[in-house]
Amino acid sequence: MKQPDKHPAMIVHERQPFNAEPPLARLRQSFLTPEELFFSRNHGSIPDVDPDGYRLSVGGLVDGSLELSMEDLRERPKSEVTAVVECAGNRRDGLMGVAPIRGETPWGAGAIGNARWAGVPLREVLLEAGVGEGARHAAFVGLDEVEGADGSFNYGGSLPLEKALSPEMLLAYEMNGEPLPREHGFPLRVVAPGYIGARSVKWLSGITLQDAPSDNHYQAREYKLFSPSATEETADLSEGMMLGELQVNAAICEPEDGARLTAGPVSVRGYAIAGGGRRVERVDVSTDGGRVWSQTDLREGTDVPWAWSFWEATLELGPGEHRIVVRALDSSATTQPATAAEVWNFKGYANNSWHGVKVTAR
Ligand SMILES: Nc1nc2c(c(=O)[nH]1)N[C@H]1C(S)=C(S)[C@@H](COP(=O)(O)O)O[C@H]1N2
Ligand SMILES: [Mo]
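No experiment lies behind these values; they were computed from the predicted model shown.

Caption draft 1: Layout of the pattern of salt bridges. For the coordinates displayed, the defined rule picks out 17 salt bridges. Between Glu104 and Lys347 there is a salt bridge whose closest N-O contact spans 2.8 Å. Residue Glu104 is found in the loop between α3 (92–96) and β7 (112–121), and its partner Lys347 is found in the loop between β23 (320–330) and β24 (355–361); the two are separated by 243 residues along the sequence. Exposure remark for Glu104: the relative accessible area of 16% places this residue in the buried category. Counted as one network, the salt bridges with shared partners bring together Arg92, Glu104, Glu222 and Lys347.

Caption draft 2: View of the nonpolar core. Counting 76 residues, the largest nonpolar core has Leu56, Trp117 and Leu204 as the members making the most contacts within it. When residues of this core are assigned to their parent elements, the largest contribution, five residues, is made by strand β10 (residues 170–175). Looking at which domains feed residues into this core, each of domain 1 (11–242) and domain 2 (249–361) supplies at least three. With 22 residues, the next largest nonpolar core counts Ala272, Val285, Val326 and Ala328 among its residues.

Caption draft 3: Highlighting the layout of surface pockets. Here the largest pocket defines a volume of roughly 580 Å³. Together, 27 residues line the largest pocket, and Asp93, Asp257, His355, Gly356 and Val357 are the ones closest to its centre. Of all the secondary structure elements, the ones that give two or more residues to the lining of the largest pocket are β1 (11–14), α1 (24–27), α3 and β24. Here the lining of the largest pocket takes four residues from β24, the largest share from any one element. Residue classes in the lining of the largest pocket are distributed as 12 nonpolar, eight polar and seven charged. A domain-level breakdown of the lining of the largest pocket finds at least three residues from each of domain 1 (11–242) and domain 2 (249–361). In this structure, the second largest pocket occupies an estimated 280 Å³ of space. Along the wall of the second largest pocket there are 15 residues; nearest its centre are Glu147, Gly148, Ala149, Phe153 and Tyr218.

Caption draft 4: Spotlight on the packing of aromatic side chains. As enumerated under the stated definition, the model contains 11 aromatic pairs in all. When the ring of Tyr271 is compared with that of Trp308, the centres are 5.4 Å apart and the planes differ by 20°; the resulting orientation is stacked. With Tyr271 in strand β18 (residues 264–273) and Trp308 in the loop between β21 (297–298) and β22 (309–317), the pair connects residues that are 37 residues apart, well separated along the chain. Taking the relative accessible area as the measure of exposure, Tyr271 reaches 1% and is therefore buried. Considering the side-chain rings of Trp308 and Phe310, the 5.1 Å spacing of their centres and the 40° angle between planes classify their relative orientation as tilted. Of the two residues, Trp308 and Phe310, neither departs from the other in class, the shared state being buried.

Caption draft 5: Here's a closer look at the sheet that holds strand β3 (residues 40–41). Reading across from one edge, β1-β2-β3 is the order of the three strands in this open sheet, with antiparallel pairing throughout. The open sheet is flanked by β1 and β3, the only strands paired with a single partner. In this structure, β1 lies alongside strand β2 (residues 19–21), joined through three bridges in antiparallel fashion. Bridge pairing in β2 places Glu14 opposite Asn19.

Caption draft 6: Representation of the sheet that holds strand β19 (residues 280–286). Pairing is mixed across the open sheet formed by five strands, whose spatial order is β17-β24-β23-β19-β20. The sheet terminates laterally at β17 (260–261) and β20 (294–295), the two strands that pair on one side only. Pairing analysis gives two bridges linking β19 to β20, with the strands arranged antiparallel. Note that in β20 the partner of Val285 across the bridge is Ser294.

Caption draft 7: The arrangement of helix α4 (residues 122–129) in detail. Along α4, the positions that sit buried rather than exposed are Leu122, Val125, Leu126 and Ala129. Projected onto a plane normal to the axis of α4, the buried residues spread over an arc of 95° and lie on a single side. Positioned one or two residues after α4, Gly130 has a phi angle of 90°, which is positive.

Caption draft 8: Focus on the domain arrangement of the protein chain. Taken domain by domain, the protein chain consists of domain 1 (11–242) and domain 2 (249–361). Measuring from the centre of the C-alpha atoms in domain 1 to the corresponding centre in domain 2 gives 26 Å. Facing 44 residues of domain 1, the contacting portion of domain 2 comprises 37 residues. A buried area of about 3300 Å², summed over both sides, lies between domain 1 and domain 2, and 63% of it is on carbon and sulfur atoms. Looking at the side of domain 1 facing domain 2, the largest losses of area belong to Arg28, Phe31 and Arg91, adding up to 27% of the total buried there. At the surface where domain 1 touches domain 2, the tally comes to two salt bridges. Viewed at the interface, domain 2 and domain 1 are joined by 19 residue pairs in polar contact (both at pLDDT 80 or more). Looking at the side of domain 1 that touches domain 2, the elements with two or more residues in it are α1, β6 (79–86), α3, β7 and β14 (224–225). Considering each element in turn, the side of domain 1 that touches domain 2 owes the most residues, five residues, to β6. The residue makeup of the side of domain 1 that touches domain 2, split by class, is 23 nonpolar, 11 polar and 10 charged.

What counts, and where the lines are drawn
Residues numbered from 1 in each chain as written. Chains lettered and ligands numbered in written order. Predicted model: local features only at pLDDT ≥ 70, side-chain atom pairs only at ≥ 80, totals over all residues. Heavy atoms only, no water. Salt bridge = Lys/Arg side-chain N within 4 Å of Asp/Glu carboxyl O. Helix = DSSP H or I, 4+ residues; strand = E, 2+ residues; numbered from the N terminus. Buried < 20%, exposed > 50% of the residue type's maximum accessible area, 1.4 Å probe, protein only. Core = buried A, V, L, I, M, F, W, Y, C linked by side-chain atoms within 4.5 Å. Domains from an automatic or database assignment. 1 Å grid on protein atoms, 1.4 Å probe; cavity = no way out; pocket = protein on both sides within 12 Å on 5 of 7 lines; lining within 4 Å. Points joined across faces, edges and corners; volume = space filled by probe spheres on them. Nonpolar A, V, L, I, M, F, W, Y, C, P; charged D, E, K, R; others polar. Phe/Tyr/Trp six-rings, centres within 6.5 Å; stacked < 30°, edge-to-face > 60°. Pairing = 2+ DSSP bridges. Arc of directions from axis to C-beta. Contact = heavy atoms within 4.5 Å. Buried area = accessible area lost by both parts, 1.4 Å probe. Polar contact = N/O pair within 3.5 Å; in protein donor to acceptor, adjacent residues only side chain to side chain.

Next up, the structure:
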């Protein structure tokens, strides 16, 4: 099997399916994450799709179904969005530090990337097919094969119709000005800015308008949030909240956890995202467990609607051990919970508690 074209520094959690994230200091180096450092999250095989034979089908509750080739799609209006893709499992390692989570990838804070996506607005294609009576959700299915308990199936997920018709939604065939790379969904993927990465279906083969969310395993039984008291043994996977919009979140990318530094001024840098299409308004850091906070300087991104924001601060660190923590605040004045314990859930999703690193200065 051909392995994806990734940077040798990538932290590979799994080779088959391929799951990898970049070291945080490298992630913080560029506002647009280069392909080789962009995390890769796969539930099954990475298919090799022949772009000439490729067809996208659009059907379900539409006035007329469509079969579109890549050529057909390229003839339609092209639009761009700079947007974060973040896995709902980003920062799961922090939850695993509270209590064990079985059978899930132990993502650090690198299951996120920010790219300039280009393609056809999903809205154009849906309006062309004609949204039919009773349509409430847009369901997507990919060409990759996932091994399930009862044989293999294709990965899928859905979005509420209102989101699917929003202007930022793309059927993307380019990433950072290049054709979409194979492991990121060549020749076509959904890009759902502001939603959990799971809805940005790669190797897209079909869109179905329907009255209910997708019944695909990854919509109906995974990517659901359960209360901290639910367990793997007791939870009914058909219950639980279907995750959708991303939450306000932030991470420290430099210095790295466990770093040994020279006492004195230390530069601290990271990323932050806002929830629900809002803006990052402020990012604070603390070295005393969150009693006293200092405000960081916001850098690139605060004026780019669906992108992350980069932030930076210089902290004066005396000799000794320090734990530096970060929290962001978005334009609804919503900020992050202090501890991973209060957001722990047995699937390990949606950890947006304060992110921290321990460093030693001497
Ligand atoms: N077809 C397909 N689409 C998929 C997935 C997948 O396994 N198969 N993984 C999803 C998940 S969970 C995430 S977080 C993002 C990751 O996108 P990336 O691999 O381009 O970073 O793709 C989503 N789209
Ligand atoms: Mo994900």
